[in-house]
Amino acid sequence: MDPATIIGIVLAFGAVVAMVTMEGAHLSALLLPAPMVLVFGATIAVGIASGTIKDFLVAVKSLPRALRGKVEPPQQVIDQVVGLAEKARANGLLAMEQEADGVDDPFLKRALQNIADGTDGDELRVLLEDEIATRSKKDRVAAKFFSAMGGYAPTIGIIGTVVSLTHVLENLAEPGELGPLIASAFVATLWGLMSANFLWLPLGSRLRRLSELDVERMTLLMEGVLAVQAGSQPRLLGERLRAMVPDGEADKPAAKSAKAARGAKDPVEEAA
């Protein structure tokens, strides 16, 4: 679990609370039900109106993923693929069917089953690339939904302020009440800006980043299983996959893996 989003949102709202407290104000002045209902309710409503019900449901289902942010480390993916390569060289490609039964990742499971079924390498690459593109497209729908809400929220906050100021103008005959009424009117703008920059836009950016990391993971798996199908030597396959990972993300484990590889013989060489 990567708690970056939760930590960031808590710190952002915490900074607002700290500012209000340091200035001697009261949080109750900001927690007004009417502007909050307008900003959050109308923002979600126009977000739904800007797409389809299916887009909305996809975005809602993506919320737990955005908050958890579970990302499989590249080195873990590389180690898994290298292990598959070793078993393929020792037991043949038909052994991949048995390996597929113990895999939870649907993408990798289908790839291994296709290898065991004897699918042509070029056809398998096209199939896996299409699946990666489809997954990425689905993730972009959720990210776009929250980013769109981040664009709507400030404007809706201004609408709430205008509505409240209209109410203020109705009470010009009572000067003693104008101050609190004007202050409460700007709370709608405040919540529009805060919800956009503290919630919706970060969630959209988070989902885009998680999608990028997932595509990188699936690409590593795709290149790895295709190399396994082609009979690549496990140690060289590990080096090739590590070359696809940005510096610093797999260097340390890579050094350990290389050391282990030098101390162990390849299963085929040992059998020979």
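Nothing here was measured: the structure is a model prediction, and the numbers come from that model.

Thresholds, definitions, all that
- All residue numbers refer to positions counted from 1 along the written sequence of the respective chain.
- Since the coordinates come from a predicted model, pLDDT governs what is reported: local features require at least 70, and pairs of side-chain atoms require 80 or more to be given and counted, while whole-chain, interface and lining totals use all residues.
- Only hydrogens and water are set aside when side-chain values are computed; all heavy atoms of the structure are taken into account.
- For every element, the axis is a line fit to its C-alpha atoms; helices are fit only across the contacting stretch, and the angle between N-to-C directions ranges from 0 to 180 degrees.
- Here a strand is any run of E in DSSP of at least two residues, a helix any run of H or I of at least four, and the numbering for each starts at the N terminus.
- Working rule for angles: under 35 degrees goes down as roughly parallel, over 145 as roughly antiparallel, 65 to 115 as roughly perpendicular, anything else as oblique.
- In what follows, a contact means two residues having at least one pair of non-hydrogen atoms within 4.5 Å.
- Following the grouping adopted for this structure description, the nonpolar residues are Ala, Val, Leu, Ile, Met, Phe, Trp, Tyr, Cys and Pro, the charged ones are Asp, Glu, Lys and Arg, and the polar ones are all others, Gly among them.
- To form a nonpolar core, buried Ala, Val, Leu, Ile, Met, Phe, Trp, Tyr and Cys residues must be joined to one another through side-chain atoms within 4.5 Å.
- Throughout this description, buried means an accessible area under 20% of the type-specific maximum (1.4 Å probe, protein chains only), exposed means over 50%, and partly exposed covers the range between.
- Every case where a carboxyl oxygen of Asp or Glu lies within 4 Å of a side-chain nitrogen of Lys or Arg is listed as a salt bridge.
- Here the arc refers to the set of directions running from the helix axis out to each C-beta atom.
- What qualifies as a polar contact is a pair of N or O atoms within 3.5 Å, subject to a donor-acceptor requirement within protein and to the restriction that residues adjacent in sequence count only when both atoms come from side chains.
- Surface patches are drawn from residues lacking salt bridges whose relative accessible area is over 30%; two like charges belong together within 9 Å, two nonpolar side chains (Val, Leu, Ile, Met, Phe, Trp, Tyr) within 5 Å.
- To measure how exposed things are, a 1.4 Å probe is used in the Shrake-Rupley method; for residues, cover is taken only from the protein chains shown.
- Whether two aromatic rings pair depends on their centres lying within 6.5 Å, for rings of Phe, Tyr and Trp, where Trp uses its six-membered ring; planes under 30 degrees apart make the pair stacked, over 60 edge-to-face, and the rest tilted.
- Helices are assigned an expected span. That span is 1.5 Å times one less than the residue count.

Draft legend 1. Highlighting the packing of helix α3 (residues 53–68) against helix α7 (residues 121–169). In contact at an axis separation of 8 Å, α3 and α7 are set at 90 degrees when each is read in the N-to-C sense. Between α3 and α7, the crossing angle belongs to the class labelled roughly perpendicular. When α3 is examined against α7, the residues Asp55, Phe56, Val58, Ala59, Ser62, Leu63 and Arg65 are found in contact with a partner set consisting of Lys138, Asp139, Val141, Ala142, Phe145 and Phe146. Residue composition of the contact of α3 with α7, by class: eight nonpolar, one polar and four charged.

Draft legend 2. Examining the nonpolar core more closely. Grouped together as the largest cluster of nonpolar side chains are 31 residues, with contacts concentrated most on Met96 and Leu112. Elements that contribute at least two residues to this core include exactly α4 (74–91), α5 (95–101), α6 (106–116), α7, α8 (178–230) and α9 (234–243). Per-element accounting of this core gives the leading share, eight residues, to α8. Setting aside residues up to four positions removed in sequence, Met96 forms contacts with Leu84, Lys87, Ala88, Leu112, Ile115, Ala116 and Val228. Residues Val58, Ala59, Ala66 and Ala196 belong to the second largest nonpolar core, which totals 15 residues.

Draft legend 3. Representation of the pattern of salt bridges within the structure. Across all of its chains, the model carries twelve salt bridges by this definition. For the salt bridge of Arg217 with Asp214, the shortest nitrogen-to-oxygen distance reads 3.0 Å. Of the two residues, Arg217 and Asp214 both sit in helix α8, three residues apart, roughly one turn of that helix. Look at the salt bridges and you will find they share partners, linking Asp105, Arg135, Asp214 and Arg217 into a network.

Draft legend 4. Up close: the environment of Gly157. The residue Gly157 is located in helix α7 in this model. By relative accessible area, Gly157 is classed as buried at 0%. A sequence separation of 36 residues divides Gly157 from Leu193, and the C-alpha atoms of the two residues are 7.3 Å apart. Beyond its immediate sequence surroundings of up to four residues, Gly157 is in contact with Val39, Ala188, Thr189 and Gly192.

Draft legend 5. Fine view of α9. Residues of α9 that are buried: Pro234, Leu237, Gly238, Leu241 and Arg242. Within α9, the buried residues cover an arc of 135 degrees as seen down the axis, which keeps them to one side. Exposed and facing more than 90 degrees away from the buried side of α9 are Leu236 and Ala243. Two or three places before Arg235, at the opening of α9, Gln233 has a side-chain oxygen 2.8 Å from that residue's backbone nitrogen.

Draft legend 6. Expanded view of a nonpolar patch on the surface. Taken together, the side chains of Met1, Ile6, Val10 and Leu67 define a hydrophobic patch exposed on the protein surface, amounting to about 380 Å² of accessible area. With respect to the helices and strands, the residue Ile6 is situated in helix α1 (residues 4–22).

Draft legend 7. Expanded view of the packing of aromatic side chains. On inspection of all chains with the given rule, the structure shows six aromatic pairs. Ring centres 5.2 Å apart and planes at 85 degrees place the aromatic pair Phe13 and Phe198 in the edge-to-face group. Note that Phe13 is positioned in helix α1 and Phe198 in helix α8, a separation of 185 residues in sequence. Here Phe13 falls in the partly exposed class, since its relative accessible area comes to 23%.

Draft legend 8. Representation of α3 within the structure. Between its first and last C-alpha atoms α3 spans 24 Å; for 16 residues at 1.5 Å apiece the expected length is 22 Å, and the two agree. Immediately beyond the C-terminal end of α3, within one or two residues, lies Gly69, with a positive phi of roughly 60 degrees.

Draft legend 9. Molecular detail of the side chain of Glu131. With respect to the helices, strands and loops of the structure, Glu131 is situated in helix α7. Among the polar contacts listed, one links the side chain of Glu131 to the side chain of Arg110, at a separation of 2.3 Å. Sequence-distant contacts of Glu131, defined by excluding residues within four places in its chain, comprise Phe107, Arg110 and Met218.

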